Amino acid sequence: MVLTSSARNYVNRMLQNISGMKVLILDSQTVSIVSIVYSQSELLQKEVFLVELVDSITKSKELMSHLKAVYFLHPTTENIQHLRRQLAAPRFREYHLFFSNILKDTQIHILAYSDEHEAVQQVQEFYVDFVAVDPYHFILHIPSSYIYMLPAVVDPSTLQRFYDRVVDGVAAVFLALKRRPVIRYQRTSDIAKRIAHEANKLMYQEESGLFDFRRTEVSPLLLVLDRRDDPVTPLLNQWTYQAMVHELIGIQDNKVDLKSIDKFSKDQEEVVLSSEQDSFFKANMYENFGDIGMDIKRMDMAKFVDNYPEYRKMHGNVSKHVTLVTEMSKIVQQRKLMTFSQTEQELACNGGQGAAFEVCIND
């Protein structure tokens with residue numbers, strides 16, 4: 001599963017075959033999908049001179065006939081309506097429409113009827129309806145997803161939108177990988193059962209032709225589990241590098257915002273942590289926190305000894321990791337996480353609530 005390269009290849013295909021100056025138009029979901037696999041400088045190399053959100057473009061009436069518009073949108077009713085209004089009075093030289101998942105027939109008909117000026121050059125489905133945070137993990141950016149662990153407090157229509165989003169996102173992953181999985185689910189969970197059944201219906205009935213890929217010797221497995229079956233593990237303090245940054249500082253689309261923590265130079269107010277771009281992070285993201293400091297020191301000295309000009313180039317990367325480790329060390333000390341982590345482990349493994357309570361009260 002090389003998700004980042006699959007997502008990147010889709011963006012490449014969108015841009016490389018459209019010559020000339022372009023504007024890339026995204027929505028609140030696809031902007032994360034693109035930004036995590038493609039940098040601004042790479043977009044410029046593809047002659048993308050402007051990036052806008054689709055709702056902002058709808059409000060503007062400025063004519064830009066020198067630009068070709070490349071839309072990459074999630075196929076929602078709202079986005080189709082944005083396009084319908086924009087095609088009624090075209091502002092760009094050409095329109096190239098790409099959608100991150102399967103279009104409904106009714107949506108295709110709306111687009112066809114709206115293109116009275118014949119400005120649309122192509123309409124395609126590019127199945128990258130997920131944010132590929134690294135080659136093996138993706139997220140769907142479902143707001144307040146924890147609410148759906150208590151389906152009784154969510155109204156049925158909202159709950160159905162949640163199921164649809166999960167199924168659509170997972171389906172896009174397998175379409176990007178060109179695989180149709182065997183689906184299994186946790187029998188004791190109604191949520192897991194419903195997601196599995198709806199995914200099976202989509203992949204094996206409604207859109208079976210799309211998923212009709214050449215069979216492999218071993219079929220991939222989609223295993224749907226319910227987080228509620230193990231509520232303890234997410235509550236424990238983590239002690240590996242990536243997990244600690246995520247929990248103590250916060251990572252959003254592989255970016256770490258340090259502005260609210262301390263005063264840093266502008267180039268360090270927001271840093272990127274990507275296993276695709278940072279070899280040190282790739283090698284150490286799952287390492288224990290106690291080992292990271294020594295690894296940073298070894299990297300620093302090795303680059304200096306081997307090649308002084310290269311050391312100067314790498315210094316910013318070293319400085320980034322030093323900053324993160326220093327800030328997390330402060331937080332660990334301030335919150336007494338070493339003590340509380342030991343108590344958490346004892347509670348999770350052995351019980352002993354009374355002793356744990358005493359530790360929390362005294363510390």
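As recorded by an unreviewed UniProt entry, the protein carries the name Vacuolar protein sorting-associated protein 45 homolog and is attributed to Arachis duranensis. Quoted verbatim from the Subcellular location (unreviewed entry) field of the UniProt record, the comment on the protein reads "Endomembrane system".

Asks: Run through the environment of Asn-254, naming residues and quoting values.
Replies: Tracing the backbone shows Asn-254 in the loop between α9 (241–249) and β10 (255–257). In this structure, Asn-254 is in contact with Ile-36, Val-133, Val-271, Val-272, Leu-273 and Ser-274, ignoring residues within four places of it in sequence.

Asks: Talk me through the pairing of strand β5 (residues 120–125); I want residue IDs and the actual numbers.
Replies: The pairing of strand β4 (residues 92–99) with β5 spans five bridges and is classified as parallel. Of the residues in β5, the one forming a bridge with Leu-97 is Val-123.

Asks: Pulling in residues and values, what's your account of helix α1 (residues 3–16)?
Replies: Given a rise of 1.5 Å per residue, 14 residues ought to cover 20 Å, and the 20 Å separating the end C-alpha atoms of α1 matches this to within 8%. Residues Leu-3, Thr-4, Ser-6, Ala-7, Tyr-10, Val-11, Asn-12, Met-14 and Leu-15 constitute the buried set of α1.

Asks: So what about the side chain of Lys-320? Which residues, and what values?
Replies: Following the sequence through the fold, Lys-320 ends up in helix α12 (residues 308–334). Those residues within four positions of Lys-320 in sequence are excluded, and the remaining contacts are Gln-268, Val-271, Val-272, Leu-273 and Asp-278.

Asks: Please give an account of the pattern of salt bridges that cites residues and values.
Replies: Tallying each qualifying case throughout the model produces nine salt bridges. Note that Glu-206 and Lys-201 form a salt bridge whose closest N and O atoms lie 3.7 Å from each other. Note that Asp-257 and Lys-259 form a salt bridge whose closest N and O atoms lie 3.4 Å from each other. In this structure Lys-259 comes out as partly exposed when scored by relative accessible area, which is 47%.

Asks: Tell me about the environment of Ser-41, and name the residues and values.
Replies: Within the secondary structure layout, Ser-41 lies in helix α3 (residues 40–45). Among the polar contacts listed, one links the side chain of Ser-41 to the side chain of Ser-39, at a separation of 3.0 Å.

Asks: Please provide a residue-by-residue account of a nonpolar patch on the surface, values included.
Replies: A surface patch of nonpolar side chains, about 440 Å² in accessible area, is lined by Tyr-146, Ile-147, Leu-150 and Val-153. Mapped onto the elements of the fold, Val-153 is located in the loop between β7 (137–139) and α7 (156–177).

Asks: Please give an account of α9 that cites residues and values.
Replies: For α9, the complete set of buried residues consists of Tyr-241, Met-244, Val-245, Leu-248 and Ile-249. Down the axis, α9 shows its buried residues gathered within 100° of arc, on one side only. The positive-phi residue at the C-terminal boundary of α9 is Gly-250, with phi of around 115°.

Asks: Give me the nonpolar core: which residues, what numbers.
Replies: Leu-15, Leu-24, Phe-72, Phe-130, Phe-162, Ile-195 and Met-203 are the most contacted members of the largest nonpolar core, which has 55 residues in total. When residues in this core are grouped by element, the largest group, 13 residues, is from α7. Once you skip the residues sitting within four places of it in the chain, Met-203 turns out to touch Val-170, Ala-171, Phe-174, Arg-180, Pro-181, Ile-183, Ser-208 and Phe-211. Of all hydrophobic cores here, the second largest spans 23 residues; its members include Tyr-241, Leu-273, Ile-296 and Met-328.

Calculation criteria
Residues numbered from 1 in each chain as written. Predicted model: local features only at pLDDT ≥ 70, side-chain atom pairs only at ≥ 80, totals over all residues. Heavy atoms only, no water. UniProt positions renumbered as here; feature names shortened; annotations may be inferred. Helix = DSSP H or I, 4+ residues; strand = E, 2+ residues; numbered from the N terminus. Contact = heavy atoms within 4.5 Å. Pairing = 2+ DSSP bridges. Expected span 1.5 Å × (residues − 1). Buried < 20%, exposed > 50% of the residue type's maximum accessible area, 1.4 Å probe, protein only. Salt bridge = Lys/Arg side-chain N within 4 Å of Asp/Glu carboxyl O. Polar contact = N/O pair within 3.5 Å; in protein donor to acceptor, adjacent residues only side chain to side chain. Patch = residues over 30% accessible without salt bridge, like charges linked within 9 Å, V, L, I, M, F, W, Y side chains within 5 Å. Areas by Shrake-Rupley, 256 points an atom, 1.4 Å probe, with all protein chains shown as cover. Arc of directions from axis to C-beta. Core = buried A, V, L, I, M, F, W, Y, C linked by side-chain atoms within 4.5 Å.

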